[in-house]
Amino acid sequence: QVQLVESGGGLVQAGDSLKLSCKVSGRAFSDLAISWFRQAPGKERQFVANINPSSTMYYADSVKGRSTISRDNAKNTVTLQMDSLKPEDTAVYYCAARPTWATSRTRDYADWGQGTQVTVSP
């Protein structure tokens, strides 16, 4: 089983930046695709960005151009750099893992972190 621990969330103002981290253990990290999702109160969990073992990256339109996902296989960590944050980015951010290739569907992921809160004030 894969364990994931998110960190880096917080309260920021619109226009600020945050770097979220996802530390992974329990399986060969280099074989895993890692995705970030977010869930705002009263809304469904939605895809944000993912990165494959090959480091191919994909972004949701809502964050494209403002976010960068990267992985460090030596540190078993994936980071999500988020810039020009907006109030609508407020949500709990989760990372999730699956083997081989990434998807944008929550149902494809069995292993999840506990989430980290991001709050963006106007």
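Look a little higher up for the structure.
In this report, the structure presented in the accompanying data block is examined. (Residues numbered from 1 in each chain as written. Predicted model: local features only at pLDDT ≥ 70, side-chain atom pairs only at ≥ 80, totals over all residues. Heavy atoms only, no water.)

1. Section: the pairing of strand β9 (residues 91–99)
Along a regular strand, successive side chains alternate from one face of the sheet to the other.
Item 1. Most of β9 sits inside the fold, with 7 of its 9 residues counted as buried.
Item 2. In terms of strand pairing, strand β4 (residues 32–39) meets β9 through 8 bridges, oriented antiparallel. Looking at β9, one finds that Ile34 is bridged to Ala97.
Item 3. Where β9 lies against strand β11 (residues 116–121), 3 bridges are found, and the strand directions are antiparallel. Paired with Ala91 across the two strands is Val118, which belongs to β11.
Item 4. Where β9 meets strand β10 (residues 111–112), 2 bridges bridge the pair, whose relative direction is antiparallel. If you follow Ala96 over to β10, its bridge partner there is Trp112. (Buried < 20%, exposed > 50% of the residue type's maximum accessible area, 1.4 Å probe, protein only. Helix = DSSP H or I, 4+ residues; strand = E, 2+ residues; numbered from the N terminus. Pairing = 2+ DSSP bridges.)

2. Describing the state of the cysteines
Every disulfide links exactly two cysteines, by a covalent bond between their sulfur atoms.
Item 1. Overall, the coordinates contain 1 disulfide when judged by the stated rule.
Item 2. Between Cys22 and Cys95 runs a disulfide, and the two sulfur atoms are separated by 2.1 Å. Between Cys22 and Cys95 the disulfide shows an S-S torsion of about 75°. By sign, it is right-handed. Within this pair, whereas Cys22 is found in strand β3 (residues 18–25), its partner Cys95 is found in strand β9, the two being separated by 73 residues in sequence. (Disulfide = S-S within 2.5 Å.)

3. Here's the deal with the packing of aromatic side chains
Item 1. The full count for this structure, using the stated rule, is 5 aromatic pairs.
Item 2. Geometrically, the ring pair formed by Phe37 and Phe47 is edge-to-face, given 6.0 Å between the ring centres and 70° between the ring planes. Here Phe37 is found in strand β4, whereas its partner Phe47 is found in strand β5 (residues 46–51), with 10 residues between them in sequence.
Item 3. When its relative accessible area of 0% is taken as the criterion, Phe37 is described as buried.
Item 4. Each ring, one from Phe37 and one from Tyr109, has its centre 5.5 Å from the other, and the planes form 75°; the classification is edge-to-face. (Phe/Tyr/Trp six-rings, centres within 6.5 Å; stacked < 30°, edge-to-face > 60°.)

4. Quick look at the pairing of β4
Item 1. Among the 8 residues of β4, 7 are classified as buried, and the element is accordingly described as predominantly covered.
Item 2. By the bridge criterion, 5 bridges tie β4 to β5 in an arrangement that is antiparallel. In the sheet register, Phe37 faces β5, and the bridge partner there is Phe47.
Item 3. The loop that links β4 with its antiparallel partner β5 comprises 6 residues; one of these, Gly42, has a positive phi angle of about 75°.

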